[in-house]
Amino acid sequence: MAQWTSAVGAAQLARLLNSQQDRPAGPGTRRPPAYRALADGIRLLVLEGRVPVAARLPAERELALSLSVSRTTVAAAYEALRAEGFLESRRGAGSWTAVPAGNPLPARGLEPLPPEALGSVIDLGCAALPAPEPWLTRAVQGALEELPPYAHTHGDYPAGLPALRSMIADRYTARGIPTMPEQIMVTTGAMGAIDAICHLFGGRGERIAVESPSYANILQLMREAGARLVPVAMAEGLTGWDMDRWRQVLRDAAPRIAYIVADFHNPTGALADDDQRRRLVDAARSAGTVLVADETMSELWLDEGVEMPRPVCGFDPAGSTVITVGSASKAFWAGMRIGWVRAAPDIIRSLVAARAYADLGTPVVEQLAVNWLFSTGGWEQAVDIRRGQARENRDALVAAVRRELPTWEFEVPRGGLTLWVRAGGLSGSRIAEAGERVGVRVPSGPRFGVDGAFEGYVRLPFTVGGAVAEEAAARLAAAARVVESGGTGGGEVPRTFVA
């Protein structure tokens, strides 16, 4: 019986491998043999999760043709991977990827490190900050005071608690977009919201247009749902969207869904202006595309004088074209797994009906906690704390990276939680691998693209500040030196660092 559970084609693997462009070797630097470079490239794809474990690799002859190398080179690379524990083979069943015994399985998303690892590793993988106390504690205490009446019910509210739905609707109305509670569904985080939307509108094989780059976990969610991702390049710098490209994609590909982050885009930090939002809504309406607007970063402006554009749903107030997704996770705390959807009432009814086969509803206590924050003014004060934390961390991280890595290029966003960095001509994947070994965890650019794009980038979130930001930049510089020298990054164990 075959041990592989999926397969990667020769053309696809060749695209992923060809995306791994390192800077040219300097004088005196020896390039590895071709088979060794190929084995290292496949191993790196497995470690990053971009080629799954237990994925059947192409036959030697097929991959050799796709890469324009000899079959002997591919055979030697496969043999090296088998010797290192990254490949298993069986006559008649082919070869499939593996991880050596004792190695953790690679993740395909950006999950947080276990708390026990935080003493020796600086985690720049997740764009999430600690809770803004004392507001978390106060919100939970307020929720517990409101809980007794709900404890006498079955506790399942597929559309969300009526009080919270009304509160969220009122908040949209206060922003100038009249909204009824019937247009709101409360979800388990923004991920739960987008998962429900994809299952309702984006069946297996459906096209979904996405910004390029885009949020890695959402891209993986869509891949797992069987979607065909259609990337649309962002405009240069932090200027938002390239509307000519968007119009062309919506016209020619006719995607069923388009997923966008208009407010301090993850990962670039770009902010789309009013005109771009209006034109994109018009183009989506003309193409019959459902526009999913993720506004989880919308309240995280960090600089004084930032004028926030009108929400995307403000150009489609009835919610027939634009479905808006919001969340407490970025603006308040990632552990508060409360999200919501704003859409036309008929779409909300369909989402609620489909939920019976998923998670039934969102935890009541957390909903009551968010409702307490909204109703008491605690939300605004907590988010103000969050902005201050993110601003200080951003400024410290920017200064540290500029000092330690002067060849790395980036623009400083005026809001959000992420810095999108061109890594001085180095491979972001190799920096991520070397970083794990020197004690800093950073996601590489290809996690935010489609089919190996953005190999020369890394994403740095504003999650650490002060001395920790300085140490993180120093460790990134050490990882960059490892990559430049062609080393493996082994050897020195990072010292424990307490934030």
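Residues numbered from 1 in each chain as written. Predicted model: local features only at pLDDT ≥ 70, side-chain atom pairs only at ≥ 80, totals over all residues. Heavy atoms only, no water.

Turning our eyes to something else, we now look at the packing of helix H7 (residues 162–174) against helix H13 (residues 364–376). Interhelical geometry of H7 versus H13 gives an angle of 40° and a closest axis separation of 9 Å. Judged on the interaxial angle alone, H13 and H7 are oblique. The crossing of H7 and H13 is left-handed. Between H7 and H13, the residues in contact are Ala163, Leu164, Met167, Ile168 and Arg171 and Gln367, Val370, Asn371, Phe374 and Ser375, respectively. (Axes fitted to C-alpha atoms, helices over the stretch in contact; angles between N-to-C directions. Helix = DSSP H or I, 4+ residues; strand = E, 2+ residues; numbered from the N terminus. Parallel < 35°, antiparallel > 145°, perpendicular 65-115°, else oblique. Left-handed = near helix turned anticlockwise from the far one by under 90°. Contact = heavy atoms within 4.5 Å.)

Any aromatic ring pair is given by two values, namely how distant the centres are and how the planes are angled relative to each other. Scanning the model with the defined rule gives 9 aromatic pairs in all. Here the aromatic rings of Phe332 and Trp379 are separated by 6.0 Å at their centres, their planes lie at 20°, and the arrangement is stacked. Here Phe332 is found in the loop between strand E11 (322–327) and strand E12 (339–342), whereas its partner Trp379 is found in helix H14 (residues 378–404), with 47 residues between them in sequence. Each member of the pair, Phe332 as well as Trp379, carries the same accessibility label: buried. (Phe/Tyr/Trp six-rings, centres within 6.5 Å; stacked < 30°, edge-to-face > 60°. Buried < 20%, exposed > 50% of the residue type's maximum accessible area, 1.4 Å probe, protein only.)

With that settled, consider the nonpolar core. Trp241, Trp246, Leu291 and Phe332 are the most contacted members of the largest nonpolar core, which totals 54 residues. In this structure, Leu291 is in contact with Ala258, Ile260, Leu280, Val281, Ala284, Val312, Thr321, Val322 and Ile323, ignoring residues within four places of it in sequence. Membership of the second largest hydrophobic core comes to 41 residues, among which are Val306, Val421, Leu460 and Ala479. (Core = buried A, V, L, I, M, F, W, Y, C linked by side-chain atoms within 4.5 Å.)

Now for helix H4 (residues 71–84). One turn of the α-helix equals 3.6 residues, which is why residues spaced by three or four share an orientation. Its 14 residues place the ends of H4 20 Å apart at the C-alpha level, agreeing with the 20 Å of an ideal helix rising 1.5 Å per residue. Every buried residue of H4 is listed here: Thr73, Val74, Ala77, Tyr78, Ala80 and Leu81. The arc that holds every buried residue of H4, seen down its axis, measures 160°, which confines them to one face. Exposed residues on H4 whose side chains face more than 90 degrees from its buried face are Thr72 and Ala83. Taken together, the buried residues of H4 touch helix H2 (34–47), helix H3 (60–67), strand E3 (87–90) and strand E4 (94–97). Within two residues after H4, Gly85 carries a phi angle of roughly 90°, on the positive side. (Expected span 1.5 Å × (residues − 1). Arc of directions from axis to C-beta.)

With the rule as written, the count across this model stands at 24 salt bridges. Two residues, Glu380 and Arg171, come together in a salt bridge whose shortest N-O distance is 3.2 Å. Of the two residues, Glu380 sits in helix H14 while Arg171 sits in helix H7, which places them 209 residues apart along the sequence. A relative accessible area of 23% places Arg171 in the partly exposed class. In this structure, Glu295 and Arg175 form a salt bridge, with 3.1 Å as the shortest nitrogen-oxygen distance. Separated by 120 residues along the polypeptide, Glu295 in the loop between strand E10 (290–294) and E11 and Arg175 in the loop between H7 and strand E6 (184–187) bring together distant segments of the chain. Bridged by salt links that share partners, the residues Arg36, Asp40, Arg43, Glu84 and Glu433 form one connected network. (Salt bridge = Lys/Arg side-chain N within 4 Å of Asp/Glu carboxyl O.)

Let us now look at the side chain of Thr321. With respect to the secondary-structure elements, Thr321 resides in the loop between E10 and E11. A residue is classified by how much of its surface remains accessible, and Thr321, at 7% relative accessible area, is buried. Beyond its immediate chain neighbours, meaning those up to four positions away, Thr321 contacts Val281, Ala284, Arg285, Thr289, Val290, Leu291 and Asp316.

Quick look at the pairing of E11 now. Where burial is concerned, most of E11 is hidden: 6 out of the 6 residues are buried. Residues Val322, Thr324 and Gly326 of E11 are buried on one face, and the alternating residues Ile323, Val325 and Ser327, pointing to the opposite face, are buried as well. For E10 and E11, the ladder comprises 4 bridges, and the chain directions are parallel. From the neighbouring strand, Leu291 faces E11, where its bridge partner is Val322. (Pairing = 2+ DSSP bridges.)

Here we come to the sheet that holds E10. Spatial strand order, E6-E12-E11-E10-E9-E7-E8: 7 strands in an open sheet with mixed pairing. This sheet does not close on itself; its edge strands, each paired only once, are E6 and strand E8 (228–233). Shown here is a sheet whose adjacent strand axes are inclined to one another by a mean of 20°, direction ignored. Along the sheet face, helix H10 (residues 243–252) touches strand E7 (207–212), E8 and strand E9 (257–260) and points at about 155° away from the line of E8.

Okay, the confidence of the model for the chain next. Per-residue confidence for the chain averages 88 on the pLDDT scale, and 90% of its residues sit at or above 70. Predicted confidence is poor over residues 23–27, with pLDDT under 50, and the contacts of this stretch with residues over four places away or in other chains come to 6 contacts. Below pLDDT 50 for its whole length, residues 488–499 participates in 24 contacts with residues either more than four positions away or in separate chains. (pLDDT = per-residue confidence, 0-100.)

Okay, the pairing of strand E15 (residues 457–461) next. Burial within E15 is extensive, with 5 of its 5 residues counted as buried. By the alternation rule, side chains of E15 split into Tyr457, Arg459 and Pro461 and Val458 and Leu460, which are all buried. Note: strand E13 (residues 418–422) against E15, 5 bridges, orientation antiparallel. The partner of Leu419 across the bridge, within E15, is Leu460.

Moving on: the packing of H14 against helix H16 (residues 466–485). Running from N to C, H14 and H16 point in directions that differ by 30°, and their axes come no closer than 9 Å. In this structure, H14 crosses over H16, and the sense of that crossing is right-handed. For the pair H14 and H16, contact is made by Ala396, Leu397, Ala400, Val401, Arg403 and Glu404 and by Gly466, Ala469, Glu470, Ala473, Ala474 and Ala477, respectively. A breakdown of the residues in the contact of H14 with H16 according to their chemical character gives 8 nonpolar, 1 polar and 3 charged. (Nonpolar A, V, L, I, M, F, W, Y, C, P; charged D, E, K, R; others polar.)

Let's shift gears to the environment of Phe462. By secondary structure assignment, the location of Phe462 is in the loop between E15 and H16. Taking the relative accessible area as the measure of exposure, Phe462 reaches 0% and is therefore buried. Taking C-alpha positions, Phe462 is 7.9 Å from Arg391, a pair spaced 71 residues apart along the chain. Dropping the residues within four chain positions of it, Phe462 is found in contact with Leu129, Leu302, Ala390, Asn393, Arg394, Leu397, Pro413, Gly415, Gly416, Leu417, Thr418 and Leu419.

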